[in-house]
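# A look at the structure
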Amino acid sequence: MTLTEIPTKPFLDQKPGTSGLRKKVTVFQQPNYVENFVQSIFDSVEGRQGATLVVGGDGRFFNREVVQTVLKMAAANGFARILIGQCGLLSTPAASCLIRKYKAIGGVILSASHNPGGPDGDFGIKFNVSHGGPAPETFTDAVFKRTQTISSYHIHRASDIDLDVLGETRLGSTVVEVVDSVADYAELMETLVDFDKIAALFASGFRMRFDALSAVTGPYAKAILEGQLGAPAGTVANGEPKPDFGGHHPDPNPVHAHDLMELMLGPNAPDFGAASDGDGDRNMIVAPGLFVTPSDSLAILTAYAHLAPGYAKGLAGVARSMPTSRAADRVAAKLGIRAFETPTGWKFFANLLDAGLVTLCGEESAGTGSNHIREKDGLWAVLLWLNILAELKKPADQVVREHWATYGRDYYARHDYEEIETARADALMAHLRAASPSLPDKTFGGLTVEACDDFAYTDPVDGSLTPQQGIRILFKEDARAVFRLSGTGTSGATLRVYLERFEPDPSRHDLSREDALASVAEAAEAIAQITTHTGRSTPSVIT
Ligand code: VG1
Ligand code: CO
């Protein structure tokens, strides 16, 4: 059947964030809500007529329904070809890989990433552009503007596409191809890391646990780790994607990946542990008896990436988000490569990667990636770690301790205060901004403030300025506290407080993170008056 146009009205109450639009499932289930947003995206994609589009999601509740809507709308909006992952599944890095490999104009990714799923959980829609990365602000601004004026949308009325069977079908004149969700991604991985070396490592008895938390990475990890690399069956835990993530909160951190933590810190720990998030772009790394902070992981990968074939020529540079610890900077300095500090969110890395200024990037929230795609990539980071371990022939915990001995240890923790009233969170940030100029040289919790600012980023490639990305407080004792509000939550505000302290003395590398950071936490509380502002005496989550 031909196109149908249905009257509709403006609906979006806020601009989509850096990772697209995230709301409760019930919000997305309102009549025409998905259609309006998707049409606003398509209206903003210049050159869509005749172009290829990639579509896929993390399998969460409502994924299948929205996939069908997106396919029918894409067909009615003039895309010539649509690649959709089997069963409607594509991890974010796999979507980025497909967009680049098949020169698509972009991709619609259905995910709320690390946010909980299920009927009462969250859903999300984001658009990635032709380089495979998140859309820049110019694009998301255009989409938001369009949502305020949209009066009709286009949809091809047809029966649902069978998402389970590989192959091509047609929606009108548009070709829809259901593709293997894993194959192209796995092929890319083989060009970057040494599969033979890792397979030999597993063959020698090396054991690991990969916890997919019932989210999208299960099929990828099973196919690559257990299939191609010969890890024993059962290496991948919670490997079936489920609409409610099997009750897991697919945020790979020591709190939410508690089963993995318990195993890795217990007497029967395997040689290596890892977990990923809802859409597969994050990674958590655990050595036997030792959680590896994402900031340390980035630094260690930077130090050893050249051991993997894809990075044998060395790295152009490394980028980290501002709240990520400075551990990677120390490695960059030693290697003589460039180091960049960007605002939170992957889109800032994309410009640096495109310009060839950096090869690796990472965030404290467990996102690590390289120039192979334009998203962070959870399983890739795990494979690179395995390649490095296979080359170094040392236990993972030893690699981490030796790294600290060489570079010093950056003790690090993040305190999240979730679902606080937006007005209270804003008041805390306003108070901090107002207090900042008077802080230098004052002492809090035994630490003396050296400098503070509200992080502003000038993109070295396009010169664009991104202001107000978080308050940084540097202490003379080589410690730092950073305050910012989350952009990915769906109820109230989330305050993130990032604490770090550098410890060069190897005899002091075995403190608990809590002890090592106690003075920084005390100073952060004294300066920001978190308890008074939020009404909470403790964070909701410490990672
Ligand atoms: C969080 C993380 C940030 C990450 C973003 C998207 O953002 O802190 O590092 O890039 O999520 O990750 P925020 O604004 O809530 O702090 V994902 O895996 O949810 O797409
Ligand atoms: Co994610």
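The following refers to the structure shown. (Residues numbered from 1 in each chain as written. Chains lettered and ligands numbered in written order. Predicted model: local features only at pLDDT ≥ 70, side-chain atom pairs only at ≥ 80, totals over all residues. Heavy atoms only, no water.)

## Here we look at the site of ligand 1
If you check the shell around ligand 1, you find 19 residues, and the closest are Ser113, His114, Ser365, Thr488 and Arg496. In this structure, Arg282 approaches ligand 1 through a side-chain N or O atom, which is 2.8 Å from an oxygen atom. The separation between an oxygen atom of ligand 1 and a polar side-chain atom of Ser486 is 2.6 Å. In the shell around ligand 1, the residues fall into no nonpolar, 9 polar and 10 charged. (Near = heavy atom within 4 Å. Polar contact = N/O pair within 3.5 Å; in protein donor to acceptor, adjacent residues only side chain to side chain. Nonpolar A, V, L, I, M, F, W, Y, C, P; charged D, E, K, R; others polar.)

## Some words on the pattern of salt bridges
Under the definition given, this model contains 38 salt bridges. Two residues, Arg81 and Glu177, come together in a salt bridge whose shortest N-O distance is 2.6 Å. With Arg81 in strand E4 (residues 81–89) and Glu177 in strand E9 (residues 174–179), this pair connects stretches of sequence that are 96 residues apart. Assessed through its relative accessible area of 26%, Arg81 is described here as partly exposed. Since its relative accessible area comes to 22%, Glu177 is described here as partly exposed. Taking the shortest distance from any N to any O, the salt bridge between Asp510 and Arg401 comes out at 2.9 Å. (Salt bridge = Lys/Arg side-chain N within 4 Å of Asp/Glu carboxyl O. Helix = DSSP H or I, 4+ residues; strand = E, 2+ residues; numbered from the N terminus. Buried < 20%, exposed > 50% of the residue type's maximum accessible area, 1.4 Å probe, protein only.)

## Structural notes on the packing of aromatic side chains
For any pair of aromatic rings, geometry is given as the distance between the ring centres together with the angle between the planes. Taken as a whole and judged by the stated rule, the model has 12 aromatic pairs. Ring geometry for Phe28 and Phe123: centres 5.2 Å apart, planes at 75°, overall edge-to-face. Pair noted here: Phe28 is in helix H1 (residues 25–28) and Phe123 is in strand E6 (residues 122–129), with a separation of 95 residues, a long-range link. Both rings, one in Tyr185 and one in Tyr220, keep their centres 5.6 Å apart while their planes meet at 85°; by these two values the pair is edge-to-face. Of this pair, Tyr185 sits in helix H6 (residues 183–192) while Tyr220 sits in helix H8 (residues 217–228), and the two are 35 residues apart along the sequence. Considered together, Tyr185 and Tyr220 belong to a single accessibility category, that of buried residues. A connected cluster of aromatic rings, assembled from ring pairs, spans Phe28, Tyr33, Phe62 and Phe123. For Arg330, the ring lying beneath its charged end belongs to Phe502, and the centroid distance is 3.6 Å. (Phe/Tyr/Trp six-rings, centres within 6.5 Å; stacked < 30°, edge-to-face > 60°. Lys NZ or Arg CZ within 6 Å of the ring centre and 35° of its normal.)

## Re unusual backbone geometry
The backbone phi angle of Phe62 is positive, close to 90°, even though this residue is not glycine. On the secondary structure map, Phe62 appears in the loop between strand E3 (52–57) and helix H3 (63–76). Note on Phe62: relative accessible area 16%, which makes it buried. In the Ramachandran plot, Glu419 falls in the positive-phi region, its phi being about 50° despite a non-glycine side chain. Looking at where Glu419 falls in the secondary structure, it is placed in strand E19 (residues 409–420). Assessed through its relative accessible area of 55%, Glu419 is described here as exposed.

## A few points about the pairing of E19
Burial analysis of E19 places 10 of its 12 residues in the buried class, which makes it a mostly covered element. Sheet topology note: the E19/strand E26 (residues 493–503) ladder contains 10 bridges and is antiparallel. For Arg414, the partnering residue across the bridge sits in E26 and is Tyr498. (Pairing = 2+ DSSP bridges.)

## With respect to the pairing of strand E18 (residues 367–370)
Across a regular strand the side chains alternate sides, sitting on one face of the sheet and then on the other. Covered by surrounding structure in E18 are Gly367 and Gly369 together with Thr368 and Ser370, the residues of both alternating faces. Pairing between strand E17 (residues 360–363) and E18: 4 bridges, direction antiparallel. Within the sheet, the bridge partner assigned to Leu360 lies in E18 and is Ser370.

## Describing the state of the cysteines
Per the counting criterion, the structure on display carries 0 disulfides. Free cysteine: Cys87, not disulfide-bonded; nearest cysteine sulfur from Cys97 at 18 Å. For Cys87, a relative accessible area of 28% corresponds to the partly exposed category. A disulfide-free cysteine, Cys361 has its sulfur positioned 17 Å from the sulfur of Cys97, the nearest such atom. Cys361 gets classed as buried once you look at its relative accessible area, which sits at 0%. (Disulfide = S-S within 2.5 Å.)

Treat this as a map of the structure, not an account of what it does.
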